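Residue-level structure breakdown
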Amino acid sequence: MAPDGGALHRRLSSGQLAMIAIGGAIGTGLFLGSGLAIGLAGPAVLISYAIGGVIALLLMGCLAEMTVAHPTSGAFGDLAELYLGSWAGFVVRYAYWSALVLAVGTELTAVAIYMQFWLPTVPGWIWMLFFGVALLLVNAASVGLFGRIEYAFSAIKIVAILGFLLLGSLVVARAPAGSAIGLANYVSHGGFFPHGSGGLWSAVIVSIFSYLGIEMIAVAAGEAVDPERAIVRAFRATMLRLAIFYLGTLALMLAIVPWTEAGTASSPFVAVMLAIGIPGGAGVLNAVVLIAALSAMNSQLYTATRMLYSLARAGQAPRSLGRLSANGVPLMALLASALGIAPATLLYLYQPQQAFGVMIGISAFGAMFAWMMIFLTHLAFRARSGPRAQAFRMWGYPLTSVAGATAMAAILLTTPFTGPFASTLLYGVPFLLLLSLSYLLVRRSGPRNFRRE
């Protein structure tokens with residue numbers, strides 16, 4: 001039976017749900033990972049992120065329909081178990097949980113890089129531990145406090161990005177003819193496709209990593225005040241904002257700073273501010289990208305905790321992980337979900353230059369696998385549920401779901417040929433086999449009970 005411990009508190013509004021998704025999706029992937037994508041594809045990165053955005057849009061539509069019907073804390077993990085079987089539910093939840101645990105470490109690695117801008121002599125691992133503990137305390141307090149802080153973090157990011165879009169547009173519009181700033185940068189350094197279709201596709205994979213986090217709304221739905229109304233509003237608001245923020249900022253960055261200067265030694269946003277030359281502007285924007293990383297980590301800790309809580313409630317993890325504190329927080333699941341802090345800190349300590357790329361590569365598998373399984377779950381969901389009246393219905397079924405699943409399978413299969421993600425399947429395939437073996441052992445150890453909350 002599912003362990004006792006009470007139900008999660010429904011205290012999140014539709015605005016907070018949208019901000020949780022933005023908190024997860026607008027973080028290191030945009031503010032630091034975009035430099036990696038630009039280096040791979042050049043100006044063609046705009047097409048790469050547009051392709052990734054379409055896949056993300058299809059995923060959001062599938063999730064919106066299923067989550068309106070089943071607003072539980074286990075989200076797509078519970079749905080995979082219900083519609084694809086117990087093995088699918090087990091591996092999806094654990095694969096996604098592991099991705100979030102490792103992603104927390106990725107965000108902390110970015111935090112260490114950002115702090116070097118101000119205090120280059122202070123070891124980065126100190127900042128990783130400091131901020132890691134601080135966000136653990138925030139998540140341990142209550143879901144209400146988490147929602148308020150995440151809303152504030154995401155609001156700061158949105159205001160900063162809007163300011164960047166306005167300032168960047170003015171700079172490009174007023175740049176004198178023949179200057180180093182302008183749309184000519186799109187073709188003046190090897191053309192629009194400097195690395196061909198291979199570079200463009202590699203950047204699609206990076207873009208998917210950047211968009212990872214939008215699925216967090218489905219997990220947070222278990223604590224939404226009015227799930228059906230909040231989910232639909234949050235999904236629609238999130239996709240509109242992400243499309244504007246990602247494509248708009250990338251277009252301006254490419255026009256202001258040549259793509260050949262992109263990298264991951266610092267945020268390309270900071271490089272743009274340095275190129276513009278506004279006094280103190282680079283420092284202010286570095287503070288914003290630091291907040292962005294902390295915001296993404298905050299969302300990831302929250303979501304990983306709820307996913308592990310869901311596993312415990314389904315009898316697939318120790319019972320203690322499914323118990324709640326007096327404030328409605330799964331404290332033991334939270335502590336277990338913070339495990340990614342340790343390997344990220346050790347990796348940064350011994351290989352600071354490679355740490356960010358390595359953490360991206362290994363953390364991407366679980367989330368990409370979960371995306372593929374979400375599309376497959378939606379196909380099974382519609383096949384079994386049939387037409388019925390509800391607040392949201394995914395358009396284009398079944399073609400859109402098939403296209404999404406095929407795209408994610410292609411992305412996963414081509415990761416070995418992409419530099420930053422060469423280790424993704426090397427880590428992911430053995431891990432998936434280990435999860436399958438663990439599932440067999442758990443199943444043999446005693447009866448399980450799927451519990452819908």
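The following paragraphs examine the structure supplied in this document.

Calculation notes
Counting starts from 1 at the beginning of each chain's written sequence and moves along it residue by residue. Since the coordinates come from a predicted model, pLDDT governs what is reported: local features require at least 70, and pairs of side-chain atoms require 80 or more to be given and counted, while whole-chain, interface and lining totals use all residues. Water and hydrogen atoms were dropped before computing side-chain values, which therefore reflect all heavy atoms in the structure. Angles shown run from 0 to 180 degrees and are taken between the N-to-C directions of axes, each axis being a line fitted to C-alpha atoms and, for helices, limited to the stretch in contact. Secondary structure is summarised from DSSP: a helix means a run of H or I of at least four residues, a strand means a run of E of at least two, and numbering begins at the N terminus for each. Any angle from 65 to 115 degrees is called roughly perpendicular, while one under 35 is roughly parallel, one over 145 is roughly antiparallel, and all others are oblique. Handedness of a helix crossing follows the sense of rotation of the near helix relative to the far helix, less than a right angle counterclockwise being left-handed and clockwise being right-handed. We call two residues in contact when some of their heavy atoms are within 4.5 Å. Only Asp, Glu, Lys and Arg are considered charged, only Ala, Val, Leu, Ile, Met, Phe, Trp, Tyr, Cys and Pro nonpolar, and every remaining residue, Gly among them, polar. Any helix carries an expected span of 1.5 Å times its number of residues minus one. Accessible area is worked out with a 1.4 Å probe on protein chains only. A residue is then buried under 20% of its type maximum, exposed over 50%, and partly exposed in between. When a carboxyl oxygen of Asp or Glu lies within 4 Å of a side-chain nitrogen of Lys or Arg, that pair is called a salt bridge. What makes a nonpolar core is a set of buried Ala, Val, Leu, Ile, Met, Phe, Trp, Tyr and Cys residues whose side-chain atoms join them at distances within 4.5 Å. Starting at the helix axis, one direction is taken to each C-beta atom, and the arc is that of these directions. We define a polar contact as two N or O atoms separated by no more than 3.5 Å, with the added condition that, inside protein, one atom must be a possible hydrogen donor and the other a possible acceptor, whereas residues neighbouring each other in sequence contribute only through side-chain atom pairs.

Remarks on the packing of helix α4 (residues 45–69) against helix α16 (residues 355–385)
- Close contact between α4 and α16 brings their axes to 10 Å; oriented N to C, the two are set at 50 degrees. The angle between the axes of α4 and α16 places the two elements in the oblique class. In the crossing of α4 with α16, the sense of the turn from one axis to the other is left-handed. Taking contact as the criterion, the partners of I55, A56, L58, L59, C62, L63, E65, M66 and A69 in α4 are, on α16, W371, I374, F375, T377, H378, F381 and R382.
- Within the contact of α4 with α16, the residues separate by chemical class into twelve nonpolar, two polar and two charged.

Describing helix α6 (residues 86–115)
- Look at α6: 44 Å from first C-alpha to last across 30 residues, which is about the 44 Å you get at 1.5 Å a residue.
- Burial of α6 is extensive: 29 of the 30 residues sit out of reach of the surface.

Overview of the environment of V101
- Relative to the elements of secondary structure, V101 occurs in helix α6.
- As for V101 and S337, which are separated by 236 residues in sequence, their C-alpha atoms are 5.6 Å apart.
- Those residues in contact with V101 that lie beyond four places of it in its chain are S337, L339 and G340.

A word on the pattern of salt bridges
- This structure, assessed with the given rule, holds three salt bridges.
- Overlapping salt bridges, with partners in common, bring together D78, E81 and R93 in one network.

Considerations on the nonpolar core
- Core analysis: the largest hydrophobic core is formed by 140 residues, its most contacted members being F76, L308, M368, F369, W371 and M408.
- Here the element with the most residues in this core is α6; it accounts for 20 residues.
- With residues near it in sequence (within four places) discarded, M408 still touches I55, I208, M368, W371, M372 and F375.

Considerations on helix α17 (residues 399–414)
- The end-to-end C-alpha distance of α17, which contains 16 residues, comes to 22 Å, matching closely the 22 Å that a straight helix rising 1.5 Å per residue would cover.
- Of all the residues in α17, the buried ones are T400, S401, G404, A405, A407, M408, I411 and L412. On an axial view of α17, the arc spanned by its buried residues comes to 160 degrees, and they lie on one face. Turned more than 90 degrees away from the buried face of α17 sit L399, T406 and L413, all of them exposed.

Observations concerning the side chain of T67
- In this fold, T67 is placed in helix α4.
- A polar atom in the side chain of T67 sits 2.6 Å from the backbone oxygen of L63.

Observations concerning the side chain of S363
- Along the chain, the position of S363 falls in helix α16.
- According to the relative accessible area criterion, S363 is buried, its value standing at 3%.
- Not counting chain neighbours up to four residues away, the residues in contact with S363 comprise A99, L102, A103, T106 and F209.

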